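Now for the letters of each chain:
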Amino acid sequence: MLPLVAGGLAALVALSYVVEALRRRPVPPEHLDWAPDLAVAYADVGGLRLRYVSAGRGPALVLLHTLRTQLDMFQKIVPALAGHFRVYAVDFPGHGYSDIPSAEYTPELFRSAVERFLESLGIENALVVGESIGGSVALLLAARHNPRVRGVVAINAYDYDRGRGLRRSSLLANVLFGVSNVPVIGGTFTRLRSLPIVRWVMQGGVHRKESLPDGLTRELYAVGNRRGHYRALMSLVRHWPEWERAREEYGKIELPVLLLYGDYDWSRPAEREANRRAVPGAEMRVVEGGGHFLSLDAPEAVVRSVFEFARALGTV
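A. The arrangement of the nonpolar core in detail. Counting residues in each nonpolar core, the largest one holds 55 residues, and the members touching the most others are L64, F117, L139 and W240. If you tally residues by element for this core, the top one is helix α4 (residues 133-143), at seven residues. Contact partners of L139, with chain neighbours within four places excluded, come to V152, A154, A157, Y250, I253, V257 and L259. L38, V40, V78 and F309 belong to the second-largest nonpolar core, a separate cluster that totals 33 residues.

Below you can see the structure in the form of structure tokens.
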């Protein structure tokens, strides 16, 4: 019996590599479906090319997306924010159509990449708005006293339960990411991903399924077919516990901070309150009817909260 099981597993592993090799690699789009007038650009950041878009005029506002997604997660809020700010939305390394370096996907990699992105584009006095891991990156930038950051809006910051918050989103996500670190099996499952699985996992991030654009789900699935993308995701998952440890630096923050949560976010009230206490002087708001992907679930509330926070800072 054991040899039969071992043989079946070996065959499944081999099949997963074949499937991954045969996947059609996506072509980076020159324009965005949701904003065809925005030109897609790339910034050279320490030898890496990071994809970004920019829109509007006014004080700088930088958008940082969630894990395993890309700048298109902000498609519902960029047009409204661009009426008041010069908005920049960027793909993290290993995400979207940015380069996928052979590196360990630690909090330091993301913080350093964003820091260099700000330097590369000469962005000053920026309001940094990050969602999920993007929110945690924004808080780290503030904790390290980055001189280019004026204030932070951290939406559903992903810095609790040793990085296992995603496993709370659905039974499927709990199973998939529960085995992600299991040798052989984790990589095999990731290589055998499919569009229905990606859609199911993404739906776990919104309170209302209709908040998730179908075109975005298809784009995220296609991007996952880029060479090296699944390897980067596996590395990110391995380093999840470090996002909670990064919280230890929040006490060093001296900038204005707004912690924004959806009431259906994966975090629990005690974990949100722990962040409020950790960040000196932080303001916290909870948006009713919003899930983890708050910019998709409750875009009007996000835009309103960002604008009110910026106005209090005297930015707009």
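After presenting the structure, the write-up continues.
B. Spotlight on the environment of D44. Take D44: it is sitting in strand β3 (residues 41-45). Separated by 76 residues in sequence, D44 and S120 have C-alpha atoms that sit 7.2 Å apart. Here G47 takes part through its backbone nitrogen, which lies 3.2 Å from a polar atom of the side chain of D44.

C. Geometry of the packing of helix α3 (residues 107-121) against α4. Two elements in contact, α3 and α4, have axes whose closest approach is 10 Å; the angle formed by their N-to-C orientations is 70 degrees. The orientation of α3 relative to α4 falls into the category roughly perpendicular. Between α3 and α4, the residues in contact are P107, F110, R111, V114 and E115 and V137, L140 and L141, respectively. The residue makeup of the contact of α3 with α4, split by class, is six nonpolar, no polar and two charged.

D. Geometry of helix α11 (residues 269-278). What α11 keeps buried is the set E271, R272 and N275. On an axial view of α11, the arc spanned by its buried residues comes to 100 degrees, and they lie on one face. In α11, those exposed residues whose orientation departs by more than 90 degrees from the buried face are P269, A270 and R277. Contact partners of the buried residues in α11: β9 (257-262) and β10 (283-287).

E. Up close: unusual backbone geometry. One non-glycine residue with positive phi stands out, namely R68, at about 55 degrees. Phi at H145 takes a positive value of approximately 60 degrees, unusual for a residue other than glycine.

F. Quick peek at the side chain of R193. Tracing the sequence through the fold places R193 in the loop between α6 (185-191) and α7 (195-203). Classification of R193 by relative accessible area gives buried; the value is 11%. A distance of 2.5 Å separates the side chain of R193 from the backbone oxygen of G224, its partner in a polar contact.

G. Structural detail: the sheet that holds strand β4 (residues 48-55). Ordered by their spatial adjacency, eight strands build an open sheet running β3-β4-β6-β5-β7-β8-β9-β10, and the pairing between neighbours is mixed. A strand with exactly one partner marks an edge of an open sheet, and here the two such strands are β3 and β10. Between one strand axis and the next, the sheet turns by 25 degrees as a mean value, whatever way the strands run. In terms of strand pairing, strand β8 (residues 149-155) meets β9 through four bridges, oriented parallel. The partner of I155 across the bridge, within β9, is L260. Sitting on the sheet, α3 touches β3, β4, β5 (60-64), β6 (86-90) and β8, and the angle it makes with β3 is about 110 degrees.

H. Inspection of the pairing of strand β7 (residues 126-131) at higher detail. Across the six residues that make up β7, a large majority, six, are buried. Residue alternation in β7 divides its side chains into two sets, A126, V128 and G130 and L127, V129 and E131, and both sets are buried. Here four bridges tie β5 to β7, and the two strands are oriented parallel to one another. What sits directly across from L63, in β7, is V129. Across six bridges, β7 lies against β8 in parallel orientation. Bridging across to β8, V128 finds its partner in V152.

I. Expanded view of the environment of G224. The residue G224 is located in the loop between α8 (214-223) and α9 (229-238) in this model. When near neighbours in sequence (up to four residues on either side) are disregarded, G224 contacts R68, R193 and H229.

J. Highlighting the environment of A246. Here A246 lies in the loop between α10 (241-245) and β9. Given a relative accessible area of 8%, A246 falls into the buried group. As for A246 and D159, which are separated by 87 residues in sequence, their C-alpha atoms are 7.5 Å apart.

K. How the structure looks around the packing of α7 against α8. Two numbers describe how α7 lies on α8: the axes approach to 9 Å, and their chain directions differ by 120 degrees. As the angle between them shows, α7 and α8 are arranged oblique. Remark: the crossing between α7 and α8 carries right-handed chirality. Two secondary-structure elements touch here, α7 through L195, V198, R199 and M202 and α8 through D214, T217, R218, L220 and Y221. Of the residues contributing to the contact of α7 with α8, the split by class is five nonpolar, one polar and three charged.

Definitions and cut-offs
Residues numbered from 1 in each chain as written. Predicted model: local features only at pLDDT ≥ 70, side-chain atom pairs only at ≥ 80, totals over all residues. Heavy atoms only, no water. Core = buried A, V, L, I, M, F, W, Y, C linked by side-chain atoms within 4.5 Å. Buried < 20%, exposed > 50% of the residue type's maximum accessible area, 1.4 Å probe, protein only. Helix = DSSP H or I, 4+ residues; strand = E, 2+ residues; numbered from the N terminus. Contact = heavy atoms within 4.5 Å. Polar contact = N/O pair within 3.5 Å; in protein donor to acceptor, adjacent residues only side chain to side chain. Axes fitted to C-alpha atoms, helices over the stretch in contact; angles between N-to-C directions. Parallel < 35°, antiparallel > 145°, perpendicular 65-115°, else oblique. Nonpolar A, V, L, I, M, F, W, Y, C, P; charged D, E, K, R; others polar. Arc of directions from axis to C-beta. Pairing = 2+ DSSP bridges. Left-handed = near helix turned anticlockwise from the far one by under 90°.

What is shown is where atoms sit, not what they do.
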